[in-house]
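Working through the structure, step by step
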Number of protein chains: 2
Amino acid sequence: MSASVEQGYFTEENSADVVISRNAAAKDARLREVMEVIVRHLHAAVKEIEPTEEEWFKAIMFLTDTGHMCNEWRQEFILLSDTLGVSMLVDAINNRKPSGASESTVLGPFHVADAPELPLGADICLDQKGEPMLVRGRILSTDGNPIANARIDVWQANDEGFYDVQQKGIQPDFNLRGVFRTNEKGEYWFRGVKPKYYPIPDDGPVGKLLASLGRHPYRPAHLHYIIKAEGFEPLTTHIFDPDDPYIDSDAVFGVKASLMAKFDKITDPVRQNEAGFDSPFFEVAHDFVLAPRN
Amino acid sequence: MSASVEQGYFTEENSADVVISRNAAAKDARLREVMEVIVRHLHAAVKEIEPTEEEWFKAIMFLTDTGHMCNEWRQEFILLSDTLGVSMLVDAINNRKPSGASESTVLGPFHVADAPELPLGADICLDQKGEPMLVRGRILSTDGNPIANARIDVWQANDEGFYDVQQKGIQPDFNLRGVFRTNEKGEYWFRGVKPKYYPIPDDGPVGKLLASLGRHPYRPAHLHYIIKAEGFEPLTTHIFDPDDPYIDSDAVFGVKASLMAKFDKITDPVRQNEAGFDSPFFEVAHDFVLAPRN
């Protein structure tokens, strides 16, 4: 350590070391370690960027405006984390799966804890709007065995790209949400509507930043799942429509190749009838593989 | 570039590259470059820290609370920048001085643009509180020549550690502020009061973070200067009391070895009389050297 770090005096060269040495007395070792990494990368980034004082102040005001945009209903810092890929990175780090297990993706802000448990085959679309869809598949272990009585919590946006909680009074409560249990063969099926792409809220500082970066605010169409079963790691994920116009440019980086599901249009009247529809429908068949609990 | 970067799909390994490639269409090349550095360091920091989802959410809430603390009078993100050494680093980068020139330090939030211009020797202390002090010195060029008619804007906290703008109605307006001009020998002198250490505002998220890190919120006693002269780079700096209890642990890292000034206690009645005081006083003699304008 140089003489000026020992004295505690700051220079352009030793800046990160001086700040880190000042945190040496932190009682919480994890906080001290986290702050060391943050300070080291923050100072390295400032040294690479060499911001003018005006640019530094713009950054201060961007963070301030982002904070001021946050309220009980809006979390602009989570949007910032999402659009910079940080939320997906934290998800990836916390959900490393063994080979063969289905991959996770971000939870998103629209999950509701107390959605109703419904019988297999129920229609979660309560307002008959949109193109009908049948979703079915199996929940399996990594050795290929079906998992009976797995709990499947599903939710989706409607065909205009809105969740029920975003349109209270317009959509029925608990529209396009439901909890299902797999049968003894590990099978699940339910009815809903073909989802549509939608924008993340883009009327705040994060939306302005995306626009400045030449980026759109859209997420490609998807269905959300949280799957839980006794003895297995819970899985929070989506399945995506590979034909969506935004499938290669999800604003929050949630898409993974393994999460693509095929949305097949079924026009055969016999199959329509079997599936309980009186018109053509989309069929989505997707299995999930759960990792054993560690 | 790997196949999954081309597709735009995110993995733990390629996360920063995927996000950066998404910003490729930014029209503002500087913004694109700045965001590349930020994304690269942000992702590297997350990978080193491996935050749990709870820790990530704590960080989101810390930033949110910091934003909510900001208002017209309080800038908590600047305090965060100050206490992490970022403000001083930005100052250092923007004020690299040639050998022999006086060093800069942070402006701080208490400068007032329209302080009165006063004759040399004037007392900037308008309420007779505190221990009297005479400050004097010269403004010089790097080749040692005196600079006449240099403009010296000085301001300081009172003997309780408060600036006038923090105690409106308690201290007189423009207390402990003044603008002076050097004489033809490059000399300046004025009277004030011995400054005292003071805490940065510590009742918000940044104060809580400092406490968790085992750090105090104090700045050692100092006098602020902005010195300007025709043909020279402006200099924004402080001088510090080396005997201050916090001289080695300034909460905002503003202290530099070259900015130490000696506060000499003068008890000789003849010198008291010469200096215009009727009691012992502190004398501070400090010269500043300005860099030629580039």
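Keep in mind that this is a model prediction, so the values were computed, not measured.

A short note on the pattern of salt bridges
Applying the stated rule across the entire model yields 30 salt bridges over all chains. Among the salt bridges present, the one from B:Glu12 reaches A:Arg96, with a minimum N-O distance of 2.7 Å. Of the two residues, B:Glu12 sits in the loop between helix H1 (3–7) and helix H2 (15–22) while A:Arg96 sits in the loop between helix H6 (86–94) and strand E1 (132–141), which places them in two different chains. Given a relative accessible area of 19%, B:Glu12 falls into the buried group. Of the charged contacts in the structure, one is a salt bridge between A:Arg96 and B:Glu50, with a shortest N-O distance of 2.6 Å. One end of the pair, A:Arg96, is in the loop between H6 and E1; the other, B:Glu50, is in the loop between helix H3 (29–49) and helix H4 (53–69), on a second chain. What makes A:Arg96 partly exposed here is its relative accessible area of 46%. Residue B:Glu50 is classed as partly exposed on the basis of its relative accessible area of 37%. Through salt bridges with shared partners, one network takes in A:Glu12, A:Glu50 and B:Arg96.

Here's the deal with the interface of chain B and chain A
Each partner contributes to the interface: chain B provides 76 residues, whereas chain A provides 76 residues. Across the interface of chain B and chain A, roughly 6600 Å² is buried in total on both sides, 66% from carbon and sulfur atoms. Its largest share of buried area at the contact with chain A, chain B owes to B:Tyr9, B:Phe10 and B:Arg22, together 11% of the area lost on that side. The tally of links from chain B across to chain A stands at six salt bridges.

Looking at H4(B)
All names here are of chain B. Compared with the 24 Å implied by 1.5 Å per residue over 17 residues, the 24 Å span of H4 between its first and last C-alpha is a close match. When H4 is considered as a whole, its buried residues turn out to be Trp56, Ile60, Thr64, Thr66 and Gly67. All buried residues of H4 lie within an arc of 160° about the axis, which places them on one face of the element. Along H4, exposed side chains directed more than 90 degrees from the buried face belong to Glu54 and Lys58.

Focus: the UniProt feature "domain: Intradiol ring-cleavage dioxygenases" (unreviewed entry) in chain A
Within the UniProt annotation, "domain: Intradiol ring-cleavage dioxygenases" (unreviewed entry) is assigned to residues 135–163 of chain A. As a span, residues 135–163 of chain A carries 0% helix and 45% strand, and end to end its C-alpha atoms are 18 Å apart.

As for the nonpolar core
Ranked by internal contacts, the top residues of the largest apolar core, which has 61 residues, are A:Phe10 and B:Phe10. The contact partners of B:Phe10, leaving out residues within four places of it in the chain, are A:Gly85, A:Met88, A:Leu89, A:Phe253, A:Val255, A:Lys256, B:Ser15, B:Val18, B:Val19 and B:His43.

Here's the deal with helix H7 (residues 205–212) of chain B
When H7(B) is considered as a whole, its buried residues turn out to be B:Pro205, B:Val206, B:Gly207, B:Leu209 and B:Leu210. Tucked into the core, H7(B) has its buried residues touching helix H3 (29–49) of chain A together with H4 and helix H5 (76–83) of chain B. Of the residues one or two after H7(B), B:Gly214 is the one with positive phi, at around 70°.

A word on the relation of the copies chain B and chain A
Once chain B is rotated about the relating axis by 180° and shifted along it by 0.0 Å, it coincides with chain A to within an RMSD of 0.0 Å. What the rotation and shift describe, once combined, is the action of a two-fold rotation axis. Minimal C-alpha distance to the rotation axis in chain B is attained by B:Gly67, lying at 2.0 Å. With an isologous cut-off of 70% or more, the 100% of interface residues of chain B that recur at the interface of chain A puts this contact in the isologous class.

Conventions we followed
Residues numbered from 1 in each chain as written. Chains lettered and ligands numbered in written order. Predicted model: local features only at pLDDT ≥ 70, side-chain atom pairs only at ≥ 80, totals over all residues. Heavy atoms only, no water. Salt bridge = Lys/Arg side-chain N within 4 Å of Asp/Glu carboxyl O. Helix = DSSP H or I, 4+ residues; strand = E, 2+ residues; numbered from the N terminus. Buried < 20%, exposed > 50% of the residue type's maximum accessible area, 1.4 Å probe, protein only. Contact = heavy atoms within 4.5 Å. Buried area = accessible area lost by both parts, 1.4 Å probe. Expected span 1.5 Å × (residues − 1). Arc of directions from axis to C-beta. UniProt positions renumbered as here; feature names shortened; annotations may be inferred. Core = buried A, V, L, I, M, F, W, Y, C linked by side-chain atoms within 4.5 Å. Least-squares fit on C-alpha atoms with pLDDT ≥ 70 in both.

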